[in-house]
Amino acid sequence: MISSPTKSIALRSIHPLWLFGSIFVCILLLMLLNILLGSVYISPQQIWDIIIHGDTSQEIAYNIIIKSRLPQAITALVAGAGLAVSGLMMQTVFHNPLAGPSVLGISSGASLGVAFVVLLSGSIGGNALSTMGLIGEVALSISAVIGALSIMALILFVSQTVRGHVTLLIIGVMIGYVANAIIGVLKFFSVEEDIRAYVIWGLGSFARVSGDQVQVFIYLMIILLPISMLLTKTLNLMLLGEGYARNLGLNIRRARHLVIATSGVLVAIVTAYCGPIIFLGLAVPHLCRSLFHTSDHRLLMPGVMLMGATLALLCNLIARMPGLEGALPVNSVTALIGAPVVASVLFHKRSTI
Amino acid sequence: MNPTIEIEQLSTGYRGKKRTKVVATNIDAQICSGELTCLLGSNGVGKSTLLKTICNFLPPLHGQIHIMGRLLGGYTDAALAKVISVVLTDKLMIRNMRVDELVSLGRSPYTGFWGVISNTDRAIVQHALQLVGIPHLAHRMIHTLSDGERQKALIAKALAQETPIILLDEPTAFLDYPSKVDMMQLLHRLSRKENKTIFMSTHDLELALQIADKIWLLDKEKAVQVGTPEDLALQKILHRFVSHQGIQFDSPSGLFRVAYSYHHTIAVEGSGDAYHLLCKGLNRHGIATDSQKEMPTIPITVYCQEGRRPAFHVRTSKETIVHSIEEVLQLVEKHL
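Summarised in this report is the structure supplied together with it.

What counts and what doesn't
Residues numbered from 1 in each chain as written. Chains lettered and ligands numbered in written order. Predicted model: local features only at pLDDT ≥ 70, side-chain atom pairs only at ≥ 80, totals over all residues. Heavy atoms only, no water. Helix = DSSP H or I, 4+ residues; strand = E, 2+ residues; numbered from the N terminus. Rg over C-alpha atoms; globule rule 2.2 N^0.38 Å. Buried < 20%, exposed > 50% of the residue type's maximum accessible area, 1.4 Å probe, protein only. Pairing = 2+ DSSP bridges. Contact = heavy atoms within 4.5 Å. Axes fitted to C-alpha atoms, helices over the stretch in contact; angles between N-to-C directions. Patch = residues over 30% accessible without salt bridge, like charges linked within 9 Å, V, L, I, M, F, W, Y side chains within 5 Å. Areas by Shrake-Rupley, 256 points an atom, 1.4 Å probe, with all protein chains shown as cover. Salt bridge = Lys/Arg side-chain N within 4 Å of Asp/Glu carboxyl O. Phe/Tyr/Trp six-rings, centres within 6.5 Å; stacked < 30°, edge-to-face > 60°. Lys NZ or Arg CZ within 6 Å of the ring centre and 35° of its normal. Buried area = accessible area lost by both parts, 1.4 Å probe. Nonpolar A, V, L, I, M, F, W, Y, C, P; charged D, E, K, R; others polar. Core = buried A, V, L, I, M, F, W, Y, C linked by side-chain atoms within 4.5 Å. Right-handed = clockwise from strand over helix to strand, strands pointing away.

## Here we look at the overall build of chain B
Inference 1: A tally of helices and strands in chain B yields 11 helices and 17 strands.
Inference 2: For 336 residues, the compact-globule estimate of 2.2 N^0.38 gives 20 Å, and chain B exceeds it by more than 25% at 26 Å.
Inference 3: Each of the three principal axes of chain B carries a C-alpha extent, and together these read 85 × 45 × 40 Å.
Inference 4: A burial count over chain B gives 52% of its 336 residues as buried.

Shown next, in the form of structure tokens:
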């Protein structure tokens, strides 16, 4: 644990700007690869024509790029950033390295919302949602948001009276269990086709968002991500723990509500559009703390956004490598690829400190 | 020496939904600037609760607290942050934060929306680090510090907050003895040099009596008794405060020491360190020492001879010369 000062300075010698720069380059590279690679080969020249000049003459290629690969890449980019930011906020507000976007049962809430709509539409409405196309998609998103936000409202209500953050965390986890139990009951009463649709939703995917919806999704995230940047001073104070933060003039209750609400809305929206994506929100903050060697949210917040986007793009790329198209759910890739990467980074850093 | 904290008829405790738990009542006292005040009291008597009430983490159940002449309840969180700073017992669970970053956070009541540190702030942080004597630790990570160093970093944070009042909850706990002394002297020096009101709770009775300007004795029956350590000794309040068996108040020094029960008396002659330390060693074994040779119960006389190599002449029927107190004690034990 004891490090010589020279060593810890040496570790910090990588200037954050260099890190930001290299992550940014990674993002650009991965964006390109995401657009370039796929089961159908489209030459870079064609892609250039399609994206820059809006060339619609090659209809198939145009559709693949504009309606599939590009929205998918952008969705991954934004969703990754959102989940990572949400995870960072949860870890700070709960002083718990294991906290993540899913910890307060907010993503379970989204699942519950979706389960209600998907699983009951068949058995009660007599019309499987999966057959309804765009209306079905919109209904899915809205029900996920409603589910997630109502669980979040419940959490915020509870946090009015509960003082300790560990208690609140446990209550959140309990609410998550209850939501999952209800989903189980709903599944029992549903037709097979709906259960299948629900399970597929639960696997998570950046490809589900179609062209029109992707715009709404991006706009929402463009509003929400900067809002989370506004909370950096609050989050830095929260690092010190409740007593010190309060003594430094922070209104703890309001701060906690703001952070949980922002983080919750981010998760709700990402989950609504992409399904419950696990792992990214938990792991990216750890990765960034290690890389940037700081706990300062003024650096971590943008760092986590960029790193989240990078990892999401990488996972998306791997999930639809030629030959694997559609075979691997994003959730498997995030964990399979991400877990060893993060573990090795943490392990390596730990041994040098 | 004007009072910065004035407490009237205060009751502290926790207000619950169903019942209210009162911890201490009828506290009436003042704390002055430029002084180090130590809050003493046994476990559970409400030291932390009192501190939490003064820094407005807990509302008072009854009574009033005036801080700098203004009612505590009249301060907003932000305004109070510029008047009172705290050092708590909470363990810091932060990795990857440098000491100077921690101390800079003490500037947050003064920084703007983004918490950007100006050059003035940086100078204040540097000054705070110098006051507590840890400028060399500025770039170390907090989690690599020892307990004493971390405590000093937190005090630097409190100093960077530039408040007239600093409250500390057991800052000497978990420190080794030299660090405890160091810490208390540092706080005493700060109270003088920076004219701060420093109020700390502690279990280190001995040190508090030697270093503090004022002592608060918190007690279940008597509420709180305030005074200089010497006055409290003179009024026999300290005697009552530690009225346990096995502790003796040594009035001339104004300090406590362990009370031994003696079963034997022995004659010891001599002077200097060797004499005093031998007496101490014998006392520890339940043997009273007597130079007058009145009624010793052990037929031994010990002469202490000071010098570069102290010698002890142990006389029974024959004389033995030994050079360590341990050997004297062994010889004496044989004759019990």
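Continuing now.
## Thoughts on the sheet that holds strand β4 (residues 62-67) of chain B
To summarise the sheet geometry, strands pair through backbone hydrogen bonds and adopt either a parallel or an antiparallel arrangement.
Residue and element names in this part refer to chain B.
Inference 1: Ordered by their spatial adjacency, four strands build an open sheet running β2-β1-β4-β5, and the pairing between neighbours is antiparallel. With partners counted over all chains shown, the strands left at the sheet margins are β2 (20-32) and β5 (70-71), one partner each.
Inference 2: Lying on the sheet, helix α1 (residues 47-54) is in contact with β1 (3-15), β2 and β4; it crosses β1 at an angle near 115 degrees.

## Looking at the sheet that holds strand β9 (residues 214-219) of chain B
All names here are of chain B.
Inference 1: Reading across the sheet, the six strands line up as β6-β7-β8-β3-β9-β10 and stay open at both edges, with mixed pairing between neighbours. Strands at the two margins of the open sheet, each flanked by one partner only, are β6 (84-87) and β10 (223-227). Averaged over all neighbouring strand pairs, the angle between strand axes comes to 15 degrees, with direction disregarded.
Inference 2: Summarising the sheet, strand β7 (residues 165-169) and strand β8 (residues 197-201) pair through five bridges and their orientation is parallel. Looking across to β8, one finds that Asp-169 is bridged to Ser-201.
Inference 3: Strands in contact with helix α5 (residues 147-160) are β6 and β7; relative to β6, the strand with the most contacts, it is inclined by about 175 degrees.
Inference 4: Sitting on the sheet, helix α6 (residues 177-193) touches β3 (35-40), β7 and β8, and the angle it makes with β3 is about 135 degrees.

## Some words on a nonpolar patch on the surface
Inference 1: Together, A:Ile223, A:Ile227, A:Leu230, B:Phe113, B:Trp114 and B:Val116 make up an exposed nonpolar region whose accessible area comes to about 580 Å².
Inference 2: Looking at where A:Ile223 falls in the secondary structure, it is placed in helix α9 (residues 211-229).
Inference 3: Using a relative accessible area of 52% as the deciding quantity, one classes A:Ile223 as exposed.

## Focus: unusual backbone geometry
Inference 1: Phi at A:His95 takes a positive value of approximately 50 degrees, unusual for a residue other than glycine.
Inference 2: Considering the arrangement of structural elements, one finds A:His95 in the loop between α4 (59-94) and α5 (106-123).
Inference 3: Not every positive phi belongs to a glycine, and B:Glu170 is a case in point at roughly 45 degrees.
Inference 4: As for its placement among the helices and strands, B:Glu170 is situated in the loop between β7 and α6.

## Here we look at the packing of aromatic side chains
All names here are of chain B.
Inference 1: Using the criterion set out here, one finds seven aromatic pairs over all chains in the structure.
Inference 2: Between Phe-199 and Trp-216, the ring centres sit 4.8 Å apart and the planes meet at 55 degrees, which makes this aromatic pair tilted. With a gap of 17 residues between them, Phe-199 in strand β8 and Trp-216 in strand β9 connect regions that are remote in the sequence.
Inference 3: Note on Phe-199: relative accessible area 0%, which makes it buried.
Inference 4: Overall, the relative accessible area of 0% leaves Trp-216 in the buried class.
Inference 5: Here the guanidinium or amino end of Arg-70 rests over the ring plane of Tyr-75, the centre of that ring lying 4.3 Å away.
Inference 6: Here the basic side chain of Arg-107 rests over the ring of Tyr-110, its NZ or CZ set 4.3 Å away from the ring centre.

## Structural notes on the interface of chain B and chain A
Inference 1: Between chain B and chain A, the contact holds 39 residues from the first and 33 residues from the second.
Inference 2: A buried area of about 3000 Å², summed over both sides, lies between chain B and chain A, and 57% of it is on carbon and sulfur atoms.
Inference 3: When the buried area of chain B at its contact with chain A is split by residue, B:Phe57, B:Asn96 and B:Trp114 rank highest and sum to 20% of it.
Inference 4: If you look at where chain B meets chain A, you find zero salt bridges.
Inference 5: It is β6(B) that provides the largest number of residues to the side of chain B that touches chain A, a total of four residues.
Inference 6: Partitioning the side of chain B that touches chain A into residue classes produces 19 nonpolar, 12 polar and eight charged.

## Some words on the pairing of strand β12 (residues 255-258) of chain B
Inference 1: Direction of pairing for strand β11 (residues 247-250) of chain B relative to β12(B): antiparallel, over a ladder of four bridges. Following the sheet pairing, B:Asp250 is matched in β12(B) by B:Leu255.

## Focus: the nonpolar core
Inference 1: Within the largest apolar cluster, 182 residues are counted, with the highest numbers of intra-cluster contacts made by B:Ile67, B:Ile155, B:Leu167 and B:Trp216.
Inference 2: In terms of residue count, the dominant contributor to this core is α4(A) (13 residues).
Inference 3: Setting aside chain neighbours within four positions, we find B:Ile67 in contact with B:Thr4, B:Ile5, B:Ile54, B:Leu72, B:Tyr75, B:Val83, B:Ile84 and B:Ile165.
Inference 4: Grouped together as the second largest cluster of nonpolar side chains are 19 residues, B:Tyr275, B:Leu278, B:Leu282 and B:Ile300 included.

## Regarding the pattern of salt bridges
All names here are of chain B.
Inference 1: Tallied over the entire structure, the rule returns 10 salt bridges over all chains.
Inference 2: Of the charged contacts, one joins Arg-107 and Glu-162 as a salt bridge, the two residues approaching to 3.2 Å between their closest N and O atoms. Here Arg-107, found in the loop between α3 (99-105) and α4 (119-131), pairs with Glu-162, found in the loop between α5 and β7; they are 55 residues apart in sequence, far enough to count as distant.
Inference 3: Linked by salt bridges that have partners in common, Arg-107, Asp-121 and Glu-162 make up one network.

## Quick notes on the pairing of strand β14 (residues 287-290) of chain B
All names here are of chain B.
Inference 1: Direction of pairing for strand β13 (residues 264-269) relative to β14: parallel, over a ladder of four bridges. The residue bridging His-264 from the neighbouring strand is Ile-287, located in β14.
Inference 2: Taking the sense of rotation as the criterion, the β-α-β connection linking β13, helix α10 (residues 272-284) and β14 turns out right-handed.

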